[in-house]
Amino acid sequence: MTDALYELTIHEIHDLLRSKQVSAREVAESFIRRIEEVDSRVRAFITTTPEHALKQAEAVDEVLSRGDLLANPLVGIPVAIKDNMCTRGILTTCASKILYNYKPIYDATVVERLNESRAILVGKTNLDEFAMGSSTENSGFFVTRNPWNLDTVPGGSSGGSAAAVAANECAFALGSDTGGSIRQPASFCGVVGMKPTYGRVSRYGLVAFASSLDQIGPITKDVTDCAIVLNAICGKDPRDSTSLDVPVPDFTQSLRADVKGLKIGVPKEFFGFGTDPEVEDAVRSAVDLLVELGAHAEETSMPSVEYGLAVYYIIAPAECSSNLARYDGVRYGLRVAPDSGTVTRQTREAKSSIVSMFEKTREQGFGAEVKQRIMIGTYALSAGYYDAYYLKAQKVRTLLRRDFDKAFEKFDVLITPTSPTVAFGIGERADDPYAMKLADICTIPANLAGIPGISVPCGFKEELPIGLQIMARGLDEETLIRVAFTYEQHTEHHRKRPPL
Ligand code: GLN
């Protein structure tokens, strides 16, 4: 029994801990051994923290032996965290050479909340550098592999987190989603991933990429676990002014298999981007199943969705060009020595050598994708181009948001593929930026509108998972969970694990 602890979900492990059939230490050891066994092949982790995990587990066992916190569902549960969330004293690199040695002096709010819940940190996961990418191939360190087929990508940018959950290297993980980076890798790796409503979860201590889009969310093995993690991480945080001061429901109350009378919209535009016919079939069969269970489904149209990708690739780089200005070799991480001369008392020489230090640090610290985005963003924001690009993009963003408002006047949820295809081969799209970006064409609209979206497994194409995306009105994660849970209760896809 204890050998296979790493295969279990959060709620299954919790039951064993609660009834004292296992100790937190045994749970932690099981996952640590699993990481040792498979991570040389999957490469989900940038940093593993086995000693830290065992220490935390021992403390948990002590608390549990006193009979405390037994009802808290995350006590003693191993978690992996995307390496763009600050962990005090533990390397937080954003998979960038520019932060190769950065150890934050504080915890992100989500990390703090997981610590308070007594979850156990087993490591920090790989990502596309600064979360820019769709395959985790843009990591400044190494490529993560999809546990279902090691020659394919795990998706991105939270590819390390999704792969770690799929490979049973942690019971759950946190990812961040700016344009799809939780849902799309969850889809490629056959696990559940949710991007909550913008502002639901504090972003304090999440390294900023595009601040009007970024959101943290859970990656889990099933929908029940997703609700459990949401309960722990949602809520107002005075340290993040964009976090919403609204009541946080108990999301586990929405774990009810009931979709009677639910209105589903199926926007046709989401099937138009070269969607793989097998992906389309799987998604349409999922809708049919929900209809059999009592929901109503109708095709609908959201004309502005067509512009989502273009809008995103103005707004996200614009915001990133501002956010990434702080990496200059002075305050964080890498510092490359200036070209020639040393800093002298003569102001002019000192200045030129500082500028040279900035330049060399940024040149060597940032990867190609990050540099390209900083340049595009700077261009789009510059005088004379601002109106033509950034302002225009913001206007189209409003149109897109209105399309969603209109759709949600009629429907409770919208259902689409999470990504037009299943996982693609490593290297296959590396030289084709457009093909790469297409992987997020179905997920980006939810970020632009700020609404929640979830991806759940809905089938396979040649042993590679297919993801179903469900979107709901802002702050209506409860309906997402209910629909996803209903679907899960009537299918078996989420039970399959890769054959590592
Ligand atoms: N793939 C998209 C990008 O490259 C989205 C990334 C994300 O959500 N962090 O920007």
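What comes next concerns the included structure. (Residues numbered from 1 in each chain as written. Predicted model: local features only at pLDDT ≥ 70, side-chain atom pairs only at ≥ 80, totals over all residues. Heavy atoms only, no water.)

1. Comments concerning the pattern of salt bridges
Should their charged atoms come close, side chains of opposite charge can pair. Using the criterion set out here, one finds 17 salt bridges in the structure. When the shortest N-O distance is used, the salt bridge between Asp177 and Arg183 registers 2.9 Å. Each of the two residues, Asp177 as well as Arg183, counts as buried. Residue Glu492 pairs with Arg495 through a salt bridge whose shortest N-O separation is 2.8 Å. (Salt bridge = Lys/Arg side-chain N within 4 Å of Asp/Glu carboxyl O. Buried < 20%, exposed > 50% of the residue type's maximum accessible area, 1.4 Å probe, protein only.)

2. Looking at unusual backbone geometry
In this model, Gly156 is joined to Ser157 through a cis peptide bond whose omega is 10°. Structurally, Ser157 is set in the loop between strand E3 (120-125) and helix H5 (159-166). For Leu69, which is not glycine, the phi dihedral falls at a positive 55°. Looking at where Leu69 falls in the secondary structure, it is placed in the loop between helix H3 (50-65) and strand E2 (78-82). Accessibility expressed as a relative area gives 38% for Leu69, which makes it partly exposed. The phi dihedral of Glu463 falls on the positive side, at around 70°, and the residue is not glycine. (Helix = DSSP H or I, 4+ residues; strand = E, 2+ residues; numbered from the N terminus.)

3. So, a nonpolar patch on the surface
Together, Tyr379, Tyr385 and Tyr389 make up an exposed nonpolar region whose accessible area comes to about 290 Å². With respect to the helices and strands, Tyr385 occurs in the loop between helix H11 (368-381) and helix H12 (387-410). (Patch = residues over 30% accessible without salt bridge, like charges linked within 9 Å, V, L, I, M, F, W, Y side chains within 5 Å. Areas by Shrake-Rupley, 256 points an atom, 1.4 Å probe, with all protein chains shown as cover.)

4. Some words on the site of the ligand
In the vicinity of the ligand lie 15 residues, with Gly179, Ser181, Tyr312, Arg373 and Asp440 positioned nearest. Contact distances for the ligand include 2.8 Å between a nitrogen atom and a backbone N or O atom of Ala131. Relative to its free-state accessible area of 290 Å², the ligand is covered by the protein chains to the extent of 100%. Residues belonging to the shell around the ligand are distributed by class as follows: five nonpolar, seven polar and three charged. (Near = heavy atom within 4 Å. Polar contact = N/O pair within 3.5 Å; in protein donor to acceptor, adjacent residues only side chain to side chain. Nonpolar A, V, L, I, M, F, W, Y, C, P; charged D, E, K, R; others polar.)

5. A closer look at the side chain of Ser455
For Ser455, the location among the structural elements is in strand E10 (residues 453-461). Among the polar contacts listed, one links the side chain of Ser455 to the side chain of Thr418, at a separation of 2.9 Å.

6. Overview of empty space enclosed by the protein
Scanning the model with the defined rule gives five cavities of 30 Å³ or more in all. For the largest cavity, the full set of lining residues is Ala131, Met132, Gly133, Thr178, Gly179, Gly180, Ser181, Phe209, Tyr312, Tyr313, Arg373 and Asp440. Class assignment for the residues of the lining of the largest cavity results in five nonpolar, five polar and two charged. A volume near 50 Å³ is recorded for the second largest cavity. Along the walls of the second largest cavity sit Asn84, Cys94, Phe130, Ala131, Ser176, Thr178, Leu206, Val207, Phe209 and Asp214, which together make up its complete lining. (1 Å grid on protein atoms, 1.4 Å probe; cavity = no way out; pocket = protein on both sides within 12 Å on 5 of 7 lines; lining within 4 Å. Points joined across faces, edges and corners; volume = space filled by probe spheres on them.)

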